[in-house]
Amino acid sequence: MSSTVTHPFLDLAPLSAQHFAAIEARVARLLGTEQDVVIMQGEALLPLEGCIRGAARPGTTALNVITGPYGQTFGNWLRDCGAAVIDLAVPFHTAVTAEQVRQAFAEHPEIDFVSLVHAEAATGNTNPVAEIGAVVREHGALFMLDAVASVGAEPLLPDAWGVDLCVIGAQKAMGGPAGVSAVSVSERAWQRIAANPQAPRRSYLSLLDWKERWIDAGRKALLHAPAQLEMLALEACVERIDAEGLDALMARHATAAAATRAGALALGGGLEPYVYEAQDAAPVATTLRVPAGTDASELVARALAADPVLPLVAGGGALAKEMIRVNHYGPDATRGVVHACLAALGAALGEAGHPADLEAARRAVTSAWR
C-alpha cells in the first residue's frame, strides 16, 4: 500500500490565464508602463534574443553600445540577423555618454536600431539611459534596453525615456526567480517586428506569437504550459517589493553601493573601485580592482573559505584575475552583508601580504549607511 507524499512545490492548482495576466499587470505597474508587457517563460536571455531577432533584419543598421559582456552578445545576434552593426565600445570602468551616442548618429545617420545595457552587473557600471533615450528619439531609431540588473536597484522609466523594448529579469535587485522574465513593447516596436519577415513566428523566441495569440486574443488562453513555480515566485517577489516600496528598495541598493565603495576605499590593502567615477557605478553590484600581483579568483576563494555564502565572485573571463564583484542586490543589499564582505576581503588581503584596515572599513560602511 502506497501513500502520497505532499510537497509545497508539487500538486499545485493549475495557473489560469487570468492569474497569469494579473501577474503581467503587476509587472507593468512596477515598470510604470502603458506599453504591452509580456512575461516570457525563461531567463532574460530569451526575450533579449527574441527582441533582436524580431526587430533586426538585412537592411537594419544597428548601434550596439558595449559597456560589458552582454553588449558583445547583442552584437553577435544582430550580425546573425543580417544587420549592419556599429559597435560603440567604451572601457568597462566607465559609462557611455549621450554625446558619444549623438556622435555615432552624426557619423551614421542611417542607424535605425539601438541596443544598450542599462546596468552591467558584470562590470559594475550603469549608463545614463534618460539622456541617451532623448538622443535616440531625436533620430527616430528603435531603442532596446536590457534592464535586468537595474530594475529595482535604480530608476527605470521606459515610457518617459522612449524605450521601445525594455527587458527585465527578477533574479537580481528584485530578489525573485531567474526562470521567468518580461519585456515591455511599444506600438512602433510591434509594427517593426510584424513587418519583418525574418521575425520568429511559431517559435519560443517569438514575441509576435504572444502579441497575436495572447494579447490580441484578450489574454484568454496561454500559448503553452506556464512555468508555474517561477510565475508564483515572480508574483510573490512583486508583492514583497510593493510591501517595502519601490523607492525604499532603490534607496537600499544605492546605500549598499555607496557603503561598499566607501568601505573598500577605507579598507586599503591595494583594493580600489573598478569603476572610476561613483556616478558611473551601478547600485546593483560593486566591482573592485585587486592589487597588482594578486589574483582576484584566489582572493575570492580565500574570502569565501571563511563564509561561503557571501555574495562575492571574481570577474568573468579575462577579468577573473583583476576584478572582484560584490553582488549586494535583493536580500543582500544590507549593511550586515556589506560589512561581512569587506571584512572577509580584508582578511584575505592580509593573508596575501596586503595588510588592510578592517576598522576603518567598518567605520566607513557604518557612516555611509546613515
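Starting from 1, residues in each chain are numbered consecutively following that chain's sequence as written. The model is predicted, so local features are restricted to residues of pLDDT at least 70 and side-chain atom pairs to those at 80 or more, both for listing and for counting; the totals for chains, interfaces and linings are taken over all residues. Where side-chain values are given, they derive from all heavy atoms of the structure, hydrogens and water being excluded.

### Points about the sheet that holds strand 13 (residues 323–326)
Selection rule: Between any two strands, at least two bridges found by DSSP are needed for them to pair. Strands are runs of DSSP state E lasting at least two residues, helices are runs of H or I lasting at least four, and both sets are numbered from the N terminus onward. Pairs of residues are marked as contacts when any of their non-hydrogen atoms sit within 4.5 Å. Angles here are taken between N-to-C directions and fall from 0 to 180 degrees, while the axes themselves are lines fitted to C-alpha atoms, restricted in helices to the stretch in contact.
Sheet architecture is open: four strands sit in the order 10-11-13-12, paired in antiparallel fashion. The open sheet has two free edges, formed respectively by strand 10 (272–273) and strand 12 (312–314), since each of these has just one partner strand. Relative to strand 13, strand 12 runs antiparallel, the two sharing three bridges. Residue pairing in the sheet places L312 in a bridge with V326 of strand 13. Along the sheet, helix 10 (residues 296–306) contacts strand 12 and strand 13; its crossing angle with strand 12, the most-contacted strand, is approximately 160°. Strands in contact with helix 11 (residues 335–351) are strand 11 (286–289), strand 12 and strand 13; relative to strand 13, the strand with the most contacts, it is inclined by about 155°.

### Focus: the packing of helix 6 (residues 187–194) against helix 7 (residues 207–215)
Where we set the bar: These descriptions rest on fixed angle ranges, namely under 35 degrees for roughly parallel, over 145 for roughly antiparallel, 65 to 115 for roughly perpendicular, and the rest for oblique. In this scheme the handedness of a crossing depends on how the near helix is turned from the far one: anticlockwise by less than a right angle means left-handed, clockwise means right-handed. Each residue is assigned to one class: nonpolar for Ala, Val, Leu, Ile, Met, Phe, Trp, Tyr, Cys and Pro, charged for Asp, Glu, Lys and Arg, and polar for all the others, Gly among them.
Axis separation between helix 6 and helix 7 bottoms out at 10 Å; the angle between their running directions is 110°. Here helix 6 lies roughly perpendicular to helix 7, going by the angle between them. Remark: the crossing between helix 6 and helix 7 carries left-handed chirality. In this structure, helix 6 contributes W190, I193 and A194 to the contact, and helix 7 contributes L207, L208, K211 and I215. Considering only residue class, the contact of helix 6 with helix 7 consists of six nonpolar, no polar and one charged.

### Comments concerning the domain arrangement of the protein chain
Counted only if it meets this: Domain borders in the structure are assigned automatically or taken from a domain database. Buried area counts how much accessible surface, traced with a 1.4 Å probe, disappears from two parts once they are put together, with both parts' losses summed. We define a salt bridge as a contact between a side-chain nitrogen of Lys or Arg and a carboxyl oxygen of Asp or Glu at a distance within 4 Å. Pairing of N or O atoms within 3.5 Å defines a polar contact, subject to two protein rules: one partner must be a possible hydrogen donor and the other a possible acceptor, and residues neighboring in sequence count only if both atoms are side-chain atoms.
Here the domain parsing of the protein chain yields domain 1 (17–243) and domain 2 (246–369). Between domain 1 and domain 2, the C-alpha centre-to-centre distance is 29 Å. Contact residues are listed per partner, giving 22 residues for domain 1 and 22 residues for domain 2. In terms of surface lost to domain 2, no three residues of domain 1 exceed H93, G124 and A153, which account for 28% of the buried area on that side. Where domain 1 packs against domain 2, one counts zero salt bridges. Between the two partners, domain 1 and domain 2, sit five residue pairs in polar contact (both at pLDDT 80 or more). Partitioning the side of domain 1 that touches domain 2 into residue classes produces eleven nonpolar, nine polar and two charged.

### Focus: the pairing of strand 7 (residues 142–146)
Heads up, the condition is: We call a residue buried when its accessible area falls under 20% of the maximum for its residue type, exposed when it is over 50%, and partly exposed in between, using a 1.4 Å probe and counting protein chains only.
The buried fraction of strand 7 amounts to five of the five residues, a majority that puts the element mostly inside the structure. Burial along strand 7 is two-sided: the residues L142, M144 and D146 and F143 and L145 are all buried. Alignment of strand 4 (residues 113–117) against strand 7, held across five bridges, turns out to be parallel. Opposite S115, over in strand 7, you have M144 as the bridge partner. The sheet contact formed by strand 7 and strand 8 (residues 165–169) spans three bridges and is parallel. Bridge pairing links L145 to C166 in strand 8.

### Digging into empty space enclosed by the protein
Gaps between atoms show up when a probe of the same size as a water molecule is rolled over them. Rules: Buriedness of a pocket was judged along seven lines, with at least five required to meet protein on both sides within 12 Å; pockets are open sets of points on a 1 Å grid over the protein atoms alone, cavities are sets where a 1.4 Å probe fits but cannot get out, and lining residues have an atom within 4 Å of a point. Grid points are joined across faces, edges and corners, and a volume is the space filled by probe spheres set on the points.
Tallied over the entire structure, the rule returns one cavity of 30 Å³ or more. Of the volumes computed, that of the largest cavity is approximately 40 Å³. In terms of lining, the largest cavity is formed by V27, I168, G169, A170, V180, S181, A182 and L234. Listed by contribution, the elements that provide at least two residues to the lining of the largest cavity are strand 8 and strand 9 (181–185). Of the residues belonging to the lining of the largest cavity, the class tally is six nonpolar, two polar and no charged.

### Notes on the environment of Y329
Mapped onto the elements of the fold, Y329 is located in the loop between strand 13 and helix 11. With residues near it in sequence (within four places) discarded, Y329 still touches Q171, K172, A173, H253 and V284.

### Description of the sheet that holds strand 8
Reading across the sheet, the seven strands line up as 1-9-8-7-4-2-3 and stay open at both edges, with mixed pairing between neighbours. The strands lining the two open edges of the sheet, one partner per strand, are strand 1 (36–40) and strand 3 (84–89). On average, each strand axis in the sheet is tilted by 15° relative to the strand beside it, whichever way the strands run.

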